[in-house]
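This is what each chain is made of:
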Amino acid sequence: FKDDSDDNEYIVLATGSSAWFVNPNNADNPTKILYNGSESIDSSDEVSLIQCLDKIVMLRGGSKTPLQFNGNLGADTFDPVSTSAITADPLNDIPGTVSISSGSAIVTGTNTFFREELFIGQRIQINDEYHFIAGITSDVDLTTESNLASSGATETLYKNIDRLSMIPMPNASHGTFYQNRLILPRVATSDTEFIMSDILDIATYDAGLNQFKLLSGTADSLVGFAPYQEDKMVVLMKKSLHVMNNLSGSLSDVTAYEITRTVGCEARKTIVNIGNRILFLSRSGIYSLEDGFEHKLRGNSEPLSKAIDDQIQDINWSSASNAVGIFYNNRYYCAVPVGTSTVNNRVFVYSFLN
């Protein structure tokens, strides 16, 4: 956790009823942050901690509400995020007031900013009726595609951005913060669905516009996410790999394409970003995904671990979902369960230098 107030960095340790913030430069004096009320972590909970700007979100699995720490080490606790239903976004009003002559398509404003606030073809609301903008002739004059009823000088004009499917932060066991959005799986609806928050608002999610489903009907399931260069994100599933493009702006511009159905990811915690590469454990070994031909992401046809494939095949795949990978000192370390072990009992090491 990076604390902007004092520029210190902390390692956050989540325990049963509290979290400890450890400054490596002063490790003998950690800061204890309680979970609010009766909130807790059980040994069976699948927990992830994600820093989102100056906040920390603690995900506790599909059956528990996420907790949020607002960043003040001197006062804040980890509090449950709101589970209340979110009302539809209100129709945003345009600064100033407008007046209309009966039977006219012309809207005249006072202290309005039509050119800054609106665009041709946009839907607006006035006199409790919806109309589409046909033209904007100045900051204070616009025309609609149909005539309007007369209006007094105090009428307010609204631009229609109302959304009807807003939900609070869903329960999840993992996610990622990328392009100022918190991205989470929606395990309550499907193994292949995930949802993105509004920009700079990790508490608000639009289940109609910001939710995505990949390869439904293929018995595949979501494993994890990996941010990538040039506004891309790789979605790693159990049996396939996908790329999402254009995540920084309106999600109506997002495109997705499938990289491969021949390689998938076995364990979320083996996913590691290393420069222009993404490493992960698959059933065929440890793979490297990287920018390739014509700058399109692709999966290398052979795994990095090909030379030790006989040892890779000794992995206990029924327990491999708990495998863990990390990059340190030019090496990728991957801890896996081998033989009949149900816990990680062997570490494979790949050196990027030789």
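Reading the values: rules and limits
- Here the residue numbers are simple positions, counted from 1 along each chain's written sequence.
- Given that the model is predicted, a residue must reach a pLDDT of at least 70 before its local features are reported, and side-chain atom pairs must reach 80 or more before they are shown or counted; all residues, however, enter totals for whole chains, interfaces and linings.
- The side-chain numbers reported here are obtained from all heavy atoms of the structure, hydrogens and water having been left aside.
- By definition, any uninterrupted DSSP run of H or I lasting at least four residues is a helix, any uninterrupted run of E lasting at least two residues is a strand, and each is numbered from the N terminus.
- Only protein chains enter the accessibility calculation, which uses a 1.4 Å probe; a residue is then buried when its area is under 20% of its type maximum, exposed when over 50%, and partly exposed in between.
- By salt bridge we mean one thing: a side-chain nitrogen of Lys or Arg within 4 Å of a carboxyl oxygen of Asp or Glu.
- At least two bridges found by DSSP between two strands is the condition for calling them paired.
- Axis definition: a line fit to C-alpha positions, over the contact stretch in the case of helices; interaxial angles, taken between N-to-C directions, run 0 to 180 degrees.
- Only residues whose relative accessible area exceeds 30% and that take part in no salt bridge are eligible for patches, with like-charged residues grouped when within 9 Å of each other and nonpolar side chains (Val, Leu, Ile, Met, Phe, Trp, Tyr) grouped when within 5 Å.
- Method for areas: the Shrake-Rupley scheme with a 1.4 Å probe, in which residue coverage is limited to the protein chains shown.
- Aromatic contacts are taken between Phe, Tyr and Trp rings whose centres are within 6.5 Å, Trp giving its six-membered ring; a plane angle under 30 degrees counts as stacked, one over 60 as edge-to-face, and the others as tilted.
- Over a ring means this: the NZ of a Lys or the CZ of an Arg is within 6 Å of the ring centre and within 35 degrees of the ring normal.

*Asks:* Where do I start with the environment of P303 in this structure?
*Replies:* You can see P303 is positioned in the loop between β31 (297-299) and α2 (309-312). With relative accessibility at 16%, the residue P303 sits in the buried group. The spatial distance from the C-alpha of P303 to the C-alpha of E39 is 43 Å, given a sequence separation of 264 residues.

*Asks:* Even after reading the chapter, I still don't get the pattern of salt bridges, so can you show me in this structure?
*Replies:* Any two side chains of opposite charge can pair, so long as their charged atoms come close to each other. For the structure shown, the criterion picks out 11 salt bridges. A salt bridge links E117 to K159, with the nearest nitrogen and oxygen atoms 3.2 Å apart. Of this pair, E117 sits in helix α1 (residues 114-117) while K159 sits in strand β17 (residues 158-159), and the two are 42 residues apart along the sequence. With a closest N to O distance of 3.0 Å, E302 and K306 form a salt bridge. Relative accessible area serves as the criterion here: at 49%, K306 is assigned to the partly exposed category.

*Asks:* I would appreciate a short explanation of unusual backbone geometry in the present structure.
*Replies:* What is expected of a backbone is that most residues other than glycine have negative phi and most peptide bonds are trans. Backbone geometry places N111, a non-glycine residue, at a positive phi of 55°. Here N111 lies in the loop between β12 (104-110) and α1. Positioned with a positive phi, N329 is a non-glycine residue whose angle comes to about 55°. Position of N329 among the secondary structure elements: in the loop between β32 (324-328) and β33 (331-336). Look at N329 and you get partly exposed, because its relative accessible area is 48%.

*Asks:* How should the sheet that holds β32 be read in this particular structure?
*Replies:* As a general point, the strands of a sheet are linked pairwise by backbone hydrogen bonds and lie either parallel or antiparallel. Across the sheet, which stays open at both edges, the 3 strands sit in the order β32-β33-β34 with antiparallel pairing between neighbours. Here the strands that pair on one side only, and so sit at the sheet edges, are β32 and β34 (346-351). On average, each strand axis in the sheet is tilted by 20° relative to the strand beside it, whichever way the strands run. Direction of pairing for β32 relative to β33: antiparallel, over a ladder of 5 bridges. Its bridge partner lying in β33, Y328 is registered against R331.

*Asks:* Even after reading the chapter, I still don't get a nonpolar patch on the surface, so can you show me in this structure?
*Replies:* A grouping of L53, I199 and L200 is seen on the molecular surface, where their side chains present a nonpolar patch of about 280 Å² in accessible area. Within the fold, L53 resides in the loop between β6 (48-52) and β7 (55-59). On the accessibility criterion, L53 (45% relative accessible area) is partly exposed.

*Asks:* I would appreciate a short explanation of the packing of aromatic side chains in the present structure.
*Replies:* Aromatic rings in a pair are described by how distant their centres are and how their planes are angled relative to each other. Under the defined criterion, the tally for this structure stands at 13 aromatic pairs. With a centroid separation of 5.6 Å and an interplanar angle of 90°, the aromatic rings of F1 and F21 are classed as edge-to-face. Of this pair, F1 sits in the segment before β1 (2-3) while F21 is found in strand β4 (residues 18-22), placing the two residues 20 residues apart along the sequence. The pair formed by F1 and F21 is uniform in burial state, with each residue classed as buried. Feature note: the residues F1, Y10, F21, Y35, F69 and F78 constitute an aromatic cluster, connected by ring pairs. Between the NZ or CZ atom of R123 and the centre of the ring of Y130, over which it lies, the distance is 4.0 Å.

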